[in-house]
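# An overview of the molecular structure
Here's the letter readout for the chains.
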Amino acid sequence: MSAHCMLTGAQPGFGNRISHSHRRTSRRFDPNIQSKRYWLPSEGRYVRLRLSTKGIKTVDTIGIEAAVVRIRARGVRV
């Protein structure tokens, strides 16, 4: 589960590459996953999260405390 967002749950999509001769081979559409470190004031420590760019924007909107609550509700260890 390397290409997986801890907050939004975004994971790879699958499809086909189609060549000029119209042969189809399998491919992956990976989400844009970034590793980002946030200061978590309630625990007095930094947490490193693997988030998609949409997840990073969500953290900017709702705050890191609410984001960590959502991540833990999904069953992911922080």
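Residues numbered from 1 in each chain as written. Predicted model: local features only at pLDDT ≥ 70, side-chain atom pairs only at ≥ 80, totals over all residues. Heavy atoms only, no water.

## Overview of helix α2 (residues 64-73)
- By the burial criterion, the buried members of α2 are I64, A67, V68 and I71. Burial along α2 is one-sided: seen end-on, the buried residues are contained in an arc of 100°. Residues of α2 that are exposed and point more than 90 degrees away from the buried face comprise V69 and A73. (Buried < 20%, exposed > 50% of the residue type's maximum accessible area, 1.4 Å probe, protein only. Helix = DSSP H or I, 4+ residues; strand = E, 2+ residues; numbered from the N terminus. Arc of directions from axis to C-beta.)

## Quick look at the packing of aromatic side chains
- Applying the stated criterion across every chain, the model contains one aromatic pair.
- Centroid distance W39 to Y46: 4.9 Å. Interplanar angle 70°. Geometry classified as edge-to-face.
- Its relative accessible area of 42% is what places W39 among the partly exposed residues.
- The ring centre of Y38 lies 5.4 Å from the NZ or CZ of K36, which sits over that ring.
- The ring of Y46 has R37 sitting right over it, with the charged end atom 3.7 Å from the ring centre. (Phe/Tyr/Trp six-rings, centres within 6.5 Å; stacked < 30°, edge-to-face > 60°. Lys NZ or Arg CZ within 6 Å of the ring centre and 35° of its normal.)

By themselves, these are just geometric observations and shouldn't be taken as functional.
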